[in-house]
Amino acid sequence: MTTDSSATKFKVFIGLLIVLLFALGAYTYHLFSENQDNKNSIVSLDAEKKNIESELEELIANYEAVIVSNDEMDKELVEAKARIETLLVDVKNAKFNEGLLKRYREEIAVLKEERIVLFAKAESLEKENIALIAERDSTNVLLSDSYKVVDSISQSNSDLAETLKNGAFVKAINLKSEGVIVRKSGKIVETQRASRADKLRACFTLAPNEIAETGDKLFYIQVINPENNILGDKETINFEEDILTYSSKVKVFYEKDAFDVCSLVNANEDDLVKGRYVVNVFEGARLLVTNMIELK
């Protein structure tokens, strides 16, 4: 009787030991799988980061090739190339997450659209210059060619607007930024001198989009001076994982047609210094368009 009882207890002990071993094995496998998933996620983000770096390097190479052959467009092309180089440095130094990855993808999309416009203008100007050199003694030809340049630029903008219709988001094009003097009468005068400017003005066009929603649209303008200070309201707003500090905001009613928008950005005298200013336009956390201006 005692022998049977001991044998039974031994079997129970062995059974419990086996169950514990299985449980330990399952827990160990779970930890391994979780660790593997984390590694895979990091590898995926690293791969996306390298892809973005490659796309930006390709854009820079595209601009370098065009700058060599288009002297008249050099200023705009050089400024666009500089913005891409700055973004590339930011990407290389950034610690990636899903939110940051999405933002960089949107910025690259905007840069590619800008490239289409600038390269079309560069190609058009190159063709027109050849025609002007060949027929420079004819006044009528000169006037005709001038109209062709305007028509070509207008056609480039129309083609870009047609392309943007395919997207559901409202997009901005033709951003122009400038320093301005505001007279007591309310008249606004453009100036390139920082010491004379009262404010900065940003104007852009909302591209027509037949599939976008009609209604109120709120846009945020962000102006960064050469000392890396944000001008204007300096208000901060949160968009889920993103935080935006803006200089001014403007609300418009969008009806799917092209629409011109302008906003004046206030500035303290100390913030208006000589150098290059970066102007960004956002809808929510989404960067729509960017450009740079130089104040003397």
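Here, the structure is the one placed above.
Attention in this report is confined to the structure presented alongside it. (Residues numbered from 1 in each chain as written. Predicted model: local features only at pLDDT ≥ 70, side-chain atom pairs only at ≥ 80, totals over all residues. Heavy atoms only, no water.)

This paragraph deals with the pairing of strand 4 (residues 215-224). Burial of strand 4 is extensive: eight of the 10 residues sit out of reach of the surface. Sheet topology note: the strand 4/strand 9 (residues 275-283) ladder contains five bridges and is antiparallel. When the bridges of strand 9 are listed, Y220 appears paired with F282. (Buried < 20%, exposed > 50% of the residue type's maximum accessible area, 1.4 Å probe, protein only. Helix = DSSP H or I, 4+ residues; strand = E, 2+ residues; numbered from the N terminus. Pairing = 2+ DSSP bridges.)

This next bit is on the sheet that holds strand 4. One open sheet accounts for four strands, arranged 7-4-9-10; its pairing is antiparallel. Where the open sheet ends on each side, the last strands, each with one partner, are strand 7 (248-254) and strand 10 (286-295). Geometrically, the sheet is characterised by an average inter-axis angle of 20° between neighbouring strands, direction not taken into account. With nine bridges joining them, strand 9 and strand 10 adopt antiparallel strand pairing. In the strand pairing of strand 10, N280 is matched with T290. (Axes fitted to C-alpha atoms, helices over the stretch in contact; angles between N-to-C directions.)

Here the focus is the packing of aromatic side chains. Inspection of the entire model under this criterion finds three aromatic pairs. Their ring planes at 70° and their centres at 5.8 Å tell us that F204 and F219 sit as a pair that is edge-to-face. Taken as a pair, F204 in strand 3 (residues 199-206) and F219 in strand 4 lie far apart in primary sequence, 15 residues in all. Judged by its relative accessible area of 0%, F219 is buried. With 6.0 Å between their ring centres and 70° between their planes, Y220 and F239 make a pair best called edge-to-face. Placement of Y220 in strand 4 and of F239 in strand 5 (residues 235-239) is noted, with a sequence separation of 19 residues between them. (Phe/Tyr/Trp six-rings, centres within 6.5 Å; stacked < 30°, edge-to-face > 60°.)

Turning our eyes to something else, we now look at unusual backbone geometry. A positive phi angle, close to 55°, is found at N174, a residue other than glycine. Residue position: N174 is located in strand 1 (residues 172-182). At K256, a position not held by glycine, the phi torsion is positive, near 75°. Along the chain, K256 falls in the loop between strand 7 and strand 8 (259-266).

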